[in-house]
There are 2 protein chains.
Amino acid sequence: MADDVERAMTDVADDASWLDRMPMRDTDGNVRPDFVEAISQAVQAANAGFLCEIVGELHEADLGDLVQALAPDDRIRLIELTKADFDFSALNEVDDAVREELLEELEPATVAEGVRELEADDAVELLEGVDEDVQDEILDKLPLSERVAIERSLTYPENSAGRRMQTDFIAVQPDWNVGQAIDYMRETPDLPDRFYEIYSVDSDQRWQGAVSLDTLLRARRPVPLADLIDEDRRRVSVLEDQEEVARMFGKYNLVAAPVVDPDNRLVGVITIDDVVDVIEEEADEDLKALGGVTSDEELSDNFLTIARARFLWLLINLATAFLASSVLGLFEGQLEQMVALAVLAPIVASQGGNAATQTMTVAVRALATRQLNPHNAVRIIIREAMVGLMNGIAFALITGIAAYLWFKTPGLGIVIALAMITNLVAGALGGILIPMALDRVKADPAVASGTFVTTVTDVVGFFAFLGIATLWFGLK
Amino acid sequence: MADDVERAMTDVADDASWLDRMPMRDTDGNVRPDFVEAISQAVQAANAGFLCEIVGELHEADLGDLVQALAPDDRIRLIELTKADFDFSALNEVDDAVREELLEELEPATVAEGVRELEADDAVELLEGVDEDVQDEILDKLPLSERVAIERSLTYPENSAGRRMQTDFIAVQPDWNVGQAIDYMRETPDLPDRFYEIYSVDSDQRWQGAVSLDTLLRARRPVPLADLIDEDRRRVSVLEDQEEVARMFGKYNLVAAPVVDPDNRLVGVITIDDVVDVIEEEADEDLKALGGVTSDEELSDNFLTIARARFLWLLINLATAFLASSVLGLFEGQLEQMVALAVLAPIVASQGGNAATQTMTVAVRALATRQLNPHNAVRIIIREAMVGLMNGIAFALITGIAAYLWFKTPGLGIVIALAMITNLVAGALGGILIPMALDRVKADPAVASGTFVTTVTDVVGFFAFLGIATLWFGLK
C-alpha cells in the first residue's frame, strides 16, 4: 500500500490523473483512509507541488471532507503549503469547531488572502463563528470595499436573510432590451460566480422586478425587458428569519430570491444552495432537540465536550424522574401490601409515554411546517384525544387480560385497564397541548416538549394506577 | 363578514384585485377561514367565472392549500367548475389521502385534461399513488406520446431518480456555437417551463456535457459550445435512490443534474425543486420514525386511521414493557422486603433510557448523513462509551446522595450509584451499536432503534439495580 502511494506520488508530474488512480472515496462515498494517509505523507514531506495539484482539482465539498479527515496539524500545514490554490469555501464544509480552530491558528494574512477570493455569503459564513478579535485582525487585512460588505452582513442578526445573502448580483435598467442585457453580461468582467436571474432596479436601487435567465434566452434581442419582467416575484426582507425564507423557497419552488431592505432597495440575493443548507440544519436541529441533544454537537467533538453538553438535559430528566418516583413514594404502603403494583406500574407509565411521544412528534412537525395553526387546532386536539381514547381502550383490554393472567389477582386487570385509558388520554392531550403552548410563548416546541410530556405520563400513570388500586382493593 | 364576501364577489367583474382586498393568508401565513368560506359559497353558487379568475391567479402552492382547506365535496366541484383554469400541479401540494380521493372521484377525462398540461415529473407524482385501474383509465385518455413518457417513468422503482426526473430538456449538438444554441432556444416553441442548463449529446443521445445558462450568457455568439461544456458535471443514474440524489445536490450545490440510463444516454433532468421536496420528506420520515409514527400519517387523516397506524408501534412497546417488568417480577421478594427499591428502580431505567436516546439520535443522524462510516466507527463507539461513563459517574454521585437523603438507608446510595453507571454505559453502547447493526443489515435505523434501545436500558437498569441490591443487602 505504501509503495502504491509512493509510486502514485512520483508519477504525478507526468500524469495528472493521480486522483483517477487513487480516488478519494470508496464505492459507498466514504473518504478512503489510504487516500488521507497519502495526503498526510505529502504534507509531512512538504510536497507543495503535488498538493497544489490535488487541492486545485478537488471540489470544495470534497476538499472540506479531506480537511476534516486530516489530523489537526496536517490541516494547517496543508493550507499553508497550498495557499492560493486552496479554496477557502471548503472550510464552510467542515465542522464548526474544526473551522474555528483552523482560522484562529492560521496567520490572519493567509486567511485574508483566502477570504478575498470568496463571495460575500461564503466569507460571512466562514467568519461569523470566529472570535471577534481574530475576526477584526482578518478583516483589517482585506481591501476596504470587501471589508465593508462583510462587516455590513455581519451586522444583520444571526439566522437572518442578511447573513445568508450574497451581495454580488446583476442589476439592469428597466428601459433596456434583451440585447442590451445580454451585451452587458458579455462585457462585464466580474459577474457573480453563479446566477439564475437578473433584477431590474430604478435609479434609487429600488427593486422593480426579476427576469430568469431562461426567459431571457427565449426572447429575441429587440424585446424590451419591461415585457419580460416579473414584478410579482417573491422577495425576502433582509431581516427575515432564514427558516421563513426556506419555507418560502420550498413552497414556491424558487431557485433564487432578491433580498430588499426596508425601503425596498435591492441589497442581495439568496440562492437555493444556501437554502438547502438551512433546510438541512433546521431538520438536524429538530431531530436532535427531540432526542435531547444540543444542535451544535458535532461528530468531531471530544467526549468531554459532549458529556458536558448532554449533562444538562439528563439533569432535567433526573429531576422529573425523581418527581415521578415521589408519586410511587406516596403509595409505599400499598406497594408493600401488593408488590404486583410495583411490577406493573412502569408498564402504565411507559405505554403512556410512548403514545404521548407519537402525538408530540406529529405536533412538533406540524407546528414547524405551519400545518398546525390556530384555525385547525381545535379539530386536531379533539382528534388526538380520540386517538388516545381508542388506543387506550385497546391497550386496556390487552394489558388487563395479561396482568390478570400473570398475577391471577381478581380486579388487578380492571385496575390497570382503567389506568391505561386514563394515561393514554392524558398523554395524547399533553402531547399536543404542551408543544402548542410552547409555540405560543415563542419557545421551540422541539426542545422542551419531551421532558414535560413524559413527566405528565409518568406522574399521571403512577397516580392513576396506584390511586385506582388503592380505592379498588381498599389498601392504605 | 358575509356582506363583505358578497360585495367582494359582485365587484369582481369591474375590479380584478379581489385577492388584494381579500388576501388568502393572514399575517402569519395561515389560510384565512373567511377566505375559504367565500370560495366555498362561490362553489355552491356555481359562480364559475369568479372561481376561474381566482384559481388562475393563485400560485399552484396556494391553490393546493386552498383545495386542502375546502370540504371534500367542494374540492371536486371547484375543479369541475374551473376545469381548464385549474392547474393540476396544485394537487401535488395536498396530502396524499386527499389527492388520491380526488383523483378517484373526478371523471378520468377531466383528470386526463389536467394531466396533459403538466410536465412529466409532476404527472408521475400526481398519478403514482392512485389505484392502478383508475390510473389506466386516466392514461388511456392521454395522447400517445405523453402516455408513453408517463408510463415509462412509472416503471422505474419508487423513490428512484427515474420517478422524479422531468423528461423535457434541452439537448444541443456539441459542434454548435453559442449563437446557434441561443437561436435554437428562441425558435423552439415548446421548451421546458423552467431550465437552468442545456446538455450536449452525441448522435446516439449519449450525454457529453452540460452548459449552465449563466456560462452561455457570458460568452459571445461565435464561441464554440465545446469550449464551455463541463464534461465533469455530476450525473444521476436513472435507478439511483432519491435520497442519494438529494445528498449529491446538497453536497455539490447543484441546481439541476442530467439523468442518464445505464448506457449513458440522457433520459431526463432532475431539478432542485424536486430535490428540496425529497430532503423535506426524508427529514420528516426520520423524525416521525424516531417518534414511533409511520411516515405516511397526515394531518388530514381521521382518528381511526391514525389510531390504527399507531397501534402496532405501541403494541411492540407494550411487549418490551412487559419484558422489562418481568425483570422486576424476578425480584418480587426483594421488592417486598425493601419497597424503596420499587420506588427508585424507574429512576435508573429512565436515566439510562434518556442517555441512550441521546446517543441513538446522534448515531441515526450521522448514519443518514454518512458522517458515521466504517472508517470512524470504532472511534465513535469508544467516544460514546466514554460519554456514558462520564455522565454515569456524575449521575451516580447525584442520585446516590439523593437516594440516601430520601430513604436514609445506608448502602442504598452506593447500590443505585453502581446501577446508574452500569446502565448509562450500557445505554451508550446500545444507543450506538443498535443503529449501526440495523444499518448494516440495510434496515432503517430510525424506525426500529428506539424500541430496542429503551428495552436494553429498562432491562439492564432493573437488573443491575435489583441485582446489586440483592447482593449488597443479602436479600432473597
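Residues numbered from 1 in each chain as written. Chains lettered and ligands numbered in written order. Predicted model: local features only at pLDDT ≥ 70, side-chain atom pairs only at ≥ 80, totals over all residues. Heavy atoms only, no water.

For clarity, the threshold we go by: UniProt positions are given in the numbering used here, feature names are shortened, and annotations may be inferred rather than shown by experiment.
Looking at an unreviewed UniProt entry, chain A carries the name Magnesium transporter MgtE, with the source organism given as Tardiphaga alba. If you open the UniProt record of chain A and go to Function (unreviewed entry), you find "Acts as a magnesium transporter." One UniProt comment on chain A, placed under Subunit (unreviewed entry), says "Homodimer."

### Points about the domain arrangement of chain A
Residues and elements named next belong to chain A. Operational definition: In this entry, domain limits derive from an automatic or database-based domain assignment. Using a 1.4 Å probe, buried area is obtained as the accessible area two parts lose upon being combined, added over both of them. We count a salt bridge whenever a side-chain nitrogen from Lys or Arg sits within 4 Å of a carboxyl oxygen from Asp or Glu. Polar contacts here mean pairs of N or O atoms no more than 3.5 Å apart (in protein, one a potential hydrogen donor and the other a potential acceptor; neighbouring residues in sequence count only if both atoms are side-chain atoms). Secondary structure counts use DSSP, requiring at least four H or I residues in a row for a helix and at least two E residues in a row for a strand, with both numbered from the N terminus. Gly falls in the polar group here, along with every residue not listed as nonpolar (Ala, Val, Leu, Ile, Met, Phe, Trp, Tyr, Cys, Pro) or charged (Asp, Glu, Lys, Arg).
Domain annotation for chain A reports domain 1 (2-164), domain 2 (171-288) and domain 3 (303-473). Centre-to-centre separation of domain 1 and domain 2, based on C-alpha positions: 29 Å. Here domain 1 and domain 2 share an interface that buries about 1000 Å² over both sides, 46% of which is from carbon and sulfur atoms. On inspection of domain 1 and its partner domain 2, the count reaches one salt bridge. E281 serves as the salt-bridge partner of R164, at 3.0 Å between the closest nitrogen and oxygen. Along the contact surface separating domain 1 from domain 2 lie six residue pairs in polar contact (both at pLDDT 80 or more). No other element matches the three residues that helix α12 (residues 161-164) contributes to the side of domain 1 that touches domain 2. Counted by class, the side of domain 1 that touches domain 2 contains three nonpolar, three polar and three charged residues.

### Here's the deal with the sheet that holds strand β2 (residues 197-201) of chain A
What counts is decided by this rule: Any two strands between which DSSP finds at least two bridges are classified as paired.
With mixed pairing, three strands are arranged side by side in an open sheet as β1-β2-β3 (chain A). The open sheet has two edge strands with one neighbour each: β1 (171-172) and β3 (207-212) of chain A.

### What about the packing of helix α21 (residues 377-407) of chain A against helix α18 (residues 303-330) of chain B?
Each packed pair of helices is defined by two parameters, the angle between the axes and the distance between the axes. Applicable threshold: Axes here refer to lines fitted to C-alpha atoms; in helices the fit is confined to the stretch in contact. Angles between the N-to-C directions go from 0 to 180 degrees. For any helix crossing, the convention is left-handed if the near helix is rotated counterclockwise from the far helix by under a right angle, and right-handed if that rotation is clockwise.
Where α21 of chain A meets α18 of chain B, the axes come as close as 9 Å, and the angle between the chain directions of the two elements is 35 degrees. Here α21 of chain A runs over α18 of chain B; the crossing is right-handed. For the contact of α21 of chain A with α18 of chain B, the class distribution of residues is 17 nonpolar, five polar and three charged.

### Some words on the packing of helix α20 (residues 339-368) of chain B against helix α21 (residues 377-407) of chain B
Residue and element names in this part refer to chain B. Just so we agree on the cut-off: Under this scheme an angle from 65 to 115 degrees is roughly perpendicular, one under 35 degrees roughly parallel, and one over 145 degrees roughly antiparallel; angles in between are oblique. Two residues form a contact once any of their heavy atoms are found within 4.5 Å.
Following both chains from N to C, one finds α20 and α21 inclined at 155 degrees, their axes separated by 11 Å at the closest point. Here α20 is positioned roughly antiparallel relative to α21, judged by the angle of their axes. Of the two elements, α20 crosses α21, and the hand of that crossing is right-handed. Across the interface between the two elements, A340, V343, L344, I347, Q351 and T359 from α20 touch E384, F395, T399, A403, W406 and F407 from α21. Split into classes, the residues belonging to the contact of α20 with α21 amount to eight nonpolar, three polar and one charged.

### Let's talk about the layout of surface pockets
All names here are of chain B. We count it as follows: A cavity here means a set of 1 Å grid points, computed over protein atoms only, where a 1.4 Å probe fits but cannot escape. A pocket is an open set with protein on both sides within 12 Å along at least 5 of 7 lines, and lining residues have an atom within 4 Å of a point. Grid points are joined across faces, edges and corners, and a volume is the space filled by probe spheres set on the points.
Its boundaries defined by the atoms lining it, the second largest pocket holds a volume of some 820 Å³. If you trace the second largest pocket, you find 25 residues lining it, with L367, R370, D439, K442 and P445 closest to the centre. Of all the secondary-structure elements, those providing two or more residues to the lining of the second largest pocket are α16 (242-252), α17 (272-290), α20, α22 (412-440) and α23 (445-473). The residue inventory of the lining of the second largest pocket, partitioned by class, reads ten nonpolar, two polar and 13 charged. Looking at which domains feed residues into the lining of the second largest pocket, each of domain 2 (171-273) and domain 3 (303-473) gives three or more.

### With respect to the packing of aromatic side chains
All names here are of chain A. Heads up, the condition is: Only centres within 6.5 Å qualify two rings of Phe, Tyr or Trp (six-membered ring in Trp) as a pair; their planes then separate them into stacked at under 30 degrees, edge-to-face at over 60, and tilted for everything else. For every residue, the accessible area (1.4 Å probe, protein chains only) is compared with the maximum for its type, and the residue is labelled buried under 20%, exposed over 50%, or partly exposed between those bounds. A ring is considered to have a charge above it if a Lys NZ or an Arg CZ atom is located within 6 Å of its centre and within 35 degrees of its normal.
The tally for this structure, following the rule as stated, stands at 17 aromatic pairs over all chains. Judged by centre distance (5.6 Å) and plane angle (85 degrees), the ring pair of F86 and F88 falls under edge-to-face. For the pair shown, F86 and F88 are each scored as buried. The ring of Y252 carries R234 above its face, with NZ or CZ at 3.6 Å from the centroid.

### Remarks on empty space enclosed by the protein
Residues and elements named next belong to chain B. Per the stated rule, a full pass over the model turns up 13 cavities of 30 Å³ or more. For the second largest cavity, the calculated volume is near 80 Å³. Taken together, 13 residues form the lining of the second largest cavity, with Q166, R194, F195, E197 and V269 sitting closest to its centre. When residues of the lining of the second largest cavity are traced back to their parent elements, those giving at least two are β2 (197-201) and β6 (266-271). Grouping the constituent residues of the lining of the second largest cavity by class yields eight nonpolar, two polar and three charged.

### Topic: the side chain of Q135 of chain A
All names here are of chain A. Along the polypeptide, Q135 turns up in helix α10 (residues 132-140). We classify Q135 as buried; its relative accessible area is 10%. A polar contact is formed between the side chain of Q135 and the backbone oxygen of L127, at a distance of 2.8 Å. Those residues in contact with Q135, other than ones at most four positions away along the chain, are L127, E128, V130 and L154.

### Things to note about the interface of chain A and chain B
On the chain B side, the residues contacting the 122 residues of chain A number 122 residues. Buried surface at the junction of chain A and chain B, both sides included, amounts to about 10500 Å², of which 63% is carbon and sulfur. For chain A, the biggest contributors to the area lost against chain B are R186, L217 and L299 of chain A; these three give 8% of the whole. For the pair chain A and chain B, the number of links is eight salt bridges. As a salt-bridge pair, K251 of chain A and D65 of chain B come within 2.5 Å of each other at their nearest N and O atoms. For the interface between chain A and chain B, the tally reads 42 residue pairs in polar contact (both at pLDDT 80 or more). Among the residues making up the side of chain A that touches chain B, the classes are represented as 61 nonpolar, 26 polar and 35 charged.

### Quick word on α17 of chain B
Residue and element names in this part refer to chain B. The line we're drawing: Expected span of a helix: the number of residues minus one, times 1.5 Å.
The end-to-end C-alpha separation of α17 is 27 Å, in line with the 27 Å expected for 19 residues at 1.5 Å each. Burial analysis of α17 places 14 of its 19 residues in the buried class, which makes it a mostly covered element. In the segment just after α17, G292 is the residue with positive phi, at about 80 degrees.

### Topic: the pattern of salt bridges
Under the defined criterion, the tally for this structure stands at 44 salt bridges over all chains. As a salt-bridge pair, D214 of chain A and R194 of chain B come within 3.6 Å of each other at their nearest N and O atoms. Residue D214 of chain A is found in helix α14 (residues 213-218), and its partner R194 of chain B is found in the loop between α13 (178-187) and β2; the two belong to separate chains. Put simply, R310 of chain B and E297 of chain B hold a salt bridge, and the shortest N to O gap is 2.6 Å. Residue R310 of chain B is found in helix α18, and its partner E297 of chain B is found in the loop between α17 and α18; the two are separated by 13 residues along the sequence. Given the relative accessible area of 6%, E297 of chain B is considered buried. Through salt bridges with shared partners, a single ionic network connects R25, D62 and D65 of chain A together with K251 of chain B.

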